[in-house]
Amino acid sequence: MTKPWGQMLMVGIPSLHLDEVARTLIRDLQVGGIILFKRNISHPQQVAELIDACQQTALAASGYPLLVAVDQEGGPVQRFRHPWLETPSARQMGAAGDLAAIEHSAQRVAQELQLMGVNVNLAPVLDVARNPDCPLWERSYSADPEAVVRCGLAAVRGYLAGGVLPVVKHYPGLGATRLDSHLDLPTVEGGTDAGNEDLFPFREVITAGIPAVMCAHLLVPSWDSNLPTSLSPVAVTRILRQHLKFCGLIFSDDLEMGAITRKWPVPEAARRAVAAGIDIILICEQIENVKKTLAVLSQSPELESRLRSAWQRIQQYKKTLPQLRLDLEAIQARFASGH
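Residues numbered from 1 in each chain as written. Predicted model: local features only at pLDDT ≥ 70, side-chain atom pairs only at ≥ 80, totals over all residues. Heavy atoms only, no water.

**Things to note about the nonpolar core**
The cut-off we apply is this: Residues enter a nonpolar core if they are buried and are Ala, Val, Leu, Ile, Met, Phe, Trp, Tyr or Cys, with the set joined through side-chain atoms within 4.5 Å. Categorising residues by exposure relies on relative accessible area from a 1.4 Å probe, with only protein chains included: less than 20% of the type maximum marks a residue as buried, more than 50% marks it as exposed, and the intermediate range marks it as partly exposed. Note on contacts: a residue pair is in contact if any heavy atoms of the two residues lie within 4.5 Å.
Ranked by size, the top nonpolar core spans 118 residues in total, and within it Leu36, Phe80, Tyr171 and Phe251 carry the most contacts. Each residue touching Phe80, except ones within four places of it in the same chain, is listed here: Leu36, Ile41, Val47, Val70, Gln72, Leu85, Glu86, Leu113, Met116 and Val118.

**A look at unusual backbone geometry**
Rule in force here: Numbering goes from the N terminus for both helices and strands, where a helix is a DSSP run of H or I of at least four residues and a strand is a run of E of at least two.
The peptide bond linking Ala123 to Pro124 adopts the cis configuration, its omega dihedral lying at 5°. Within the fold, Pro124 resides in the loop between strand S6 (120-121) and helix H6 (145-162). Along the chain, Tyr171 connects to Pro172 via a cis peptide bond; the corresponding omega equals 5°. Relative to the elements of secondary structure, Pro172 occurs in the loop between strand S8 (168-171) and helix H7 (200-207). We note that Gln30 has phi near 50°; this positive angle belongs to a residue other than glycine. Tracing the backbone through its elements, the reader meets Gln30 in the loop between helix H2 (20-28) and strand S2 (33-35). A relative accessible area of 9% places Gln30 in the buried class. Located in the positive-phi region is Lys245, a residue other than glycine, with phi close to 60°. When you line up the elements, Lys245 lands in the loop between helix H8 (233-243) and strand S10 (249-254). Overall, Lys245 belongs to the exposed group, its relative accessible area being 60%.

**Considering empty space enclosed by the protein**
Rolled over the atoms, a probe as big as a water molecule pinpoints where empty space is left. Here is the rule we go by: In this analysis, the protein atoms alone were mapped onto a 1 Å grid. Cavities are point sets where a 1.4 Å probe fits without being able to get out; pockets are open sets with protein on both sides within 12 Å along at least five of seven lines; lining residues have an atom within 4 Å of a point. Grid points are joined across faces, edges and corners, and a volume is the space filled by probe spheres set on the points. Gly counts as polar in this scheme, as do all residues outside two lists: the nonpolar Ala, Val, Leu, Ile, Met, Phe, Trp, Tyr, Cys and Pro, and the charged Asp, Glu, Lys and Arg.
One pass over the structure, following the stated rule, counts two cavities of 30 Å³ or more. Looking at the largest cavity, its volume works out to about 180 Å³. Within the residue set of the lining of the largest cavity, elements represented by two or more residues are strand S4 (72-74), helix H4 (90-96), helix H5 (99-116) and H6. Here the element with the most residues in the lining of the largest cavity is H5; it accounts for four residues. Within the lining of the largest cavity, the residues separate by chemical class into twelve nonpolar, six polar and two charged.

**A look at the packing of aromatic side chains**
We count it as follows: To pair, rings of Phe, Tyr and Trp, with the six-membered ring standing in for Trp, must have centres within 6.5 Å; the planes then decide the type, stacked if under 30 degrees apart, edge-to-face if over 60, and tilted in the middle.
Under the defined criterion, the tally for this structure stands at five aromatic pairs. Aromatic side chains Tyr64 and Trp311 sit 5.2 Å apart centroid to centroid with 85° between the ring planes, which places their arrangement in the edge-to-face category. With Tyr64 in the loop between helix H3 (44-62) and strand S3 (67-70) and Trp311 in helix H12 (residues 304-318), the pair connects residues that are 247 residues apart, well separated along the chain. Classification of Tyr64 by relative accessible area gives partly exposed; the value is 29%. Since its relative accessible area comes to 28%, Trp311 is described here as partly exposed. For the ring pair Trp84 and Phe335, a centre distance of 5.9 Å and an interplane angle of 70° mean the geometry is edge-to-face. Here Trp84, found in the loop between strand S5 (77-78) and H4, pairs with Phe335, found in helix H13 (residues 328-336); they are 251 residues apart in sequence, far enough to count as distant. Given the relative accessible area of 4%, Trp84 is considered buried.

**Some details on the pairing of S10**
The condition is simple: Strand pairing requires that DSSP identify at least two bridges connecting the strands. Consider the strands pointing away from the viewer: the crossover is right-handed when the path from the first strand over the helix to the second runs clockwise.
Of all six residues in S10, six are buried; the element is thus mostly enclosed. Where strand S9 (residues 212-215) lies against S10, four bridges are found, and the strand directions are parallel. Each bridged residue has a counterpart across the sheet, and for Cys215 the counterpart in S10 is Ser252. Note on the crossover from S9 through H8 to S10: the handedness is right-handed. Inspection of the sheet shows S10 paired to strand S11 (residues 280-283) by two bridges, in the parallel sense. By the bridge assignment, Asp254 is partnered in S11 with Leu282.

**A look at the packing of H3 against H13**
Which entries qualify depends on this criterion: Think of each axis as a best-fit line through the C-alpha atoms, taken over the contacting stretch in the case of a helix, with angles from 0 to 180 degrees between the N-to-C directions. Oblique is the label for every angle not falling under 35 degrees (roughly parallel), over 145 degrees (roughly antiparallel), or within 65 to 115 degrees (roughly perpendicular). Helix crossings are classified by the rotation of the near helix relative to the far one: an anticlockwise turn of less than a right angle makes the crossing left-handed, while a clockwise turn makes it right-handed.
Close contact between H3 and H13 brings their axes to 10 Å; oriented N to C, the two are set at 150°. Overall, the two elements H3 and H13 adopt an arrangement that is roughly antiparallel. The two elements H3 and H13 meet at a crossing, and its hand is right-handed. Here Pro44, Gln45, Ala48 and Glu49 of H3 come into contact with H13, specifically with Leu328, Ile331 and Phe335.

**Some points on the side chain of Thr229**
Mapped onto the elements of the fold, Thr229 is located in the loop between S9 and H8. In this structure Thr229 touches Tyr171, Pro172, Cys215, Ala216, His217, Leu218, Val220, Trp223, Ala235 and Val236, once residues within four positions along its chain are discounted.

**Brief notes about the sheet that holds strand S1 (residues 9-12)**
Pairing in this open sheet of nine strands is parallel, and the strands run S7-S6-S3-S2-S1-S11-S10-S9-S8 from one edge to the other. Since the sheet does not close on itself, it has two edges, and those belong to strand S7 (165-166) and S8, each with one partner.

**Let's talk about the side chain of Ser230**
Which entries qualify depends on this criterion: Polar contact is the term for a pair of N or O atoms within 3.5 Å; when the atoms are in protein, one must be able to donate a hydrogen and the other to accept it, and sequence-neighboring residues count only if both atoms are side-chain atoms.
Mapped onto the secondary structure, Ser230 falls in the loop between S9 and H8. Within the structure, the side chain of Ser230 is placed 2.7 Å from the side chain of His217, a separation counted as a polar contact. Other than its neighbours up to four places away in sequence, Ser230 contacts Cys215, Ala216, His217, Val236, Ile260, Ala273, Ala276 and Ile278.

Have a look at this one:
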């Protein structure tokens, strides 16, 4: 079962090139996706050649293309900087309130991503940050939930028009937190009523038909007093799938973040996340955690029905991916012309 389970994993790779670690992850462990960070990025041609090499390796090994993701939100979180298009923070864009500008900016960002072979953008942020002490203040469009919905949907339209899959985050909303989940597990009170301002943007964009959601590492004691939302069947299956009726792809946030690793080993967290209803597990740093996770999942027969449903959703989306060929001339023309 190692190879099918690998399709549920999106992993970080170490360097600027398809090195032996990346080759092992893609060819041997047959992971379903990769996520790019600063360590993987030098210049447009290099990124395009890296992604093309990874895709060719994946297709030869499994017959399935990779999901290739990046965090390109704008402002403080944009992995691609000059010569790529750099955009203002969500807080700045939200304050301006120009929805056409948000949509146009997102479309231009997506066009550049697609040109290099990136097909997933882990954006936009739908957290309703109401206090500058919130770690997501600059990454959040507004303290007004309805403004967050308007801006978020404009960004989603732009990313889709530009040819990439947007993944809205961080369900069920980190806007009331003051603790960074990269470091430890934040706690908030929450509910499923229509008046809950953190959940409101997710409820609205799901109704509008968004294709993918990322689940935060967040403790909501009124839902589940023991498990963070990313590992909780209550948060993922009962509320997101059944109550909010979301049918698309569900991503976890990175399982190597402090919110998780301070309490659970990554492989155990991954097992719990899959059981909760997560489709795509992010493990962004250590190949050993990927190997151990696949070993744990392959020895969990009780999760095979979850594997089948996640596999079906993932492959259904992958079938829609365009078969892009590496076009270095187009890349050179795009970035030589400036912005």
